[in-house]
Amino acid sequence: MTITAQGQSSQPASLAVRRARGFTLVEIMVVMVIIGITLGLVSLNAIPNPQKNLQDEARRIALLLQLARDEAIVRNRLVAFEAEQDRYRFLVRNENSWVPLSQDDMLRERPYKNPPITMTLDPPTAGAVGFGGAPGPLRITFGREPVDKPFVLTMATGDDAVTIRADGIGHFIVE
């Protein structure tokens, strides 16, 4: 391209007209396909999946159960996991009572992300009795010994269920 003395380029007129037209149909279609794929992926991730949410909650609880078991051994005191339909917490046994671990950032009381959640324990423990003789919350107690009794904790909400298997030597597996 050369520039003349008047400052105008000596490009052919048809090339300058072609550049001024805008986007081609192919370019617009490519952009529309990219936008469509992006919106599709975003909408799939935005739809809540109750089974996945329950599995995530079970993984979190399995890790916290492992931490509570380790805390019982390190502290040389009983540590318990206590679960209700809308929340769970960890307790430590003092000389004569159970005290919530409210100052511990990891083992503090937490609500479930999608309550209510029903929990069952196999083998069942002796049922704790709450106020008015009503059945109390589910409780799993970890002792000072490194070997505990194996158990299966089943978490369910609606038609979805997830199990946490404890082998008694510190491994917690979510199935």
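Refer to the structure above for everything that follows.
Residues numbered from 1 in each chain as written. Predicted model: local features only at pLDDT ≥ 70, side-chain atom pairs only at ≥ 80, totals over all residues. Heavy atoms only, no water.

A word on the sheet that holds strand E7 (residues 151-157)
Across the sheet, four strands lie side by side as E5-E7-E8-E9; this open sheet has antiparallel pairing. Looking at strand neighbours, the two that pair on one side only are strand E5 (118-122) and strand E9 (172-174), the edges of this open sheet. Across this sheet, the average inter-strand angle for adjacent strands is 20°, counted without regard to direction. Relative to E7, E5 is paired through five bridges, and the arrangement is antiparallel. Within the sheet, the bridge partner assigned to aspartate 122 lies in E7 and is valine 152. (Pairing = 2+ DSSP bridges. Helix = DSSP H or I, 4+ residues; strand = E, 2+ residues; numbered from the N terminus. Axes fitted to C-alpha atoms, helices over the stretch in contact; angles between N-to-C directions.)

Looking at the packing of aromatic side chains
A complete count under the given rule lists five aromatic pairs for this structure. Relative to tyrosine 112, the ring of tyrosine 88 has its centre 5.3 Å away and its plane inclined at 40°; by these criteria the two rings are tilted. Placement of the pair is tyrosine 88 in strand E2 (residues 87-93) and tyrosine 112 in the loop between strand E4 (110-111) and E5, with a sequence separation of 24 residues. The exposure classification of tyrosine 88 matches that of tyrosine 112, with both residues buried. Each ring, one from phenylalanine 142 and one from phenylalanine 172, has its centre 6.2 Å from the other, and the planes form 80°; the classification is edge-to-face. With phenylalanine 142 in strand E6 (residues 138-142) and phenylalanine 172 in strand E9, the pair connects residues that are 30 residues apart, well separated along the chain. Taking the relative accessible area as the measure of exposure, phenylalanine 142 reaches 2% and is therefore buried. For phenylalanine 172, a relative accessible area of 14% corresponds to the buried category. (Phe/Tyr/Trp six-rings, centres within 6.5 Å; stacked < 30°, edge-to-face > 60°. Buried < 20%, exposed > 50% of the residue type's maximum accessible area, 1.4 Å probe, protein only.)

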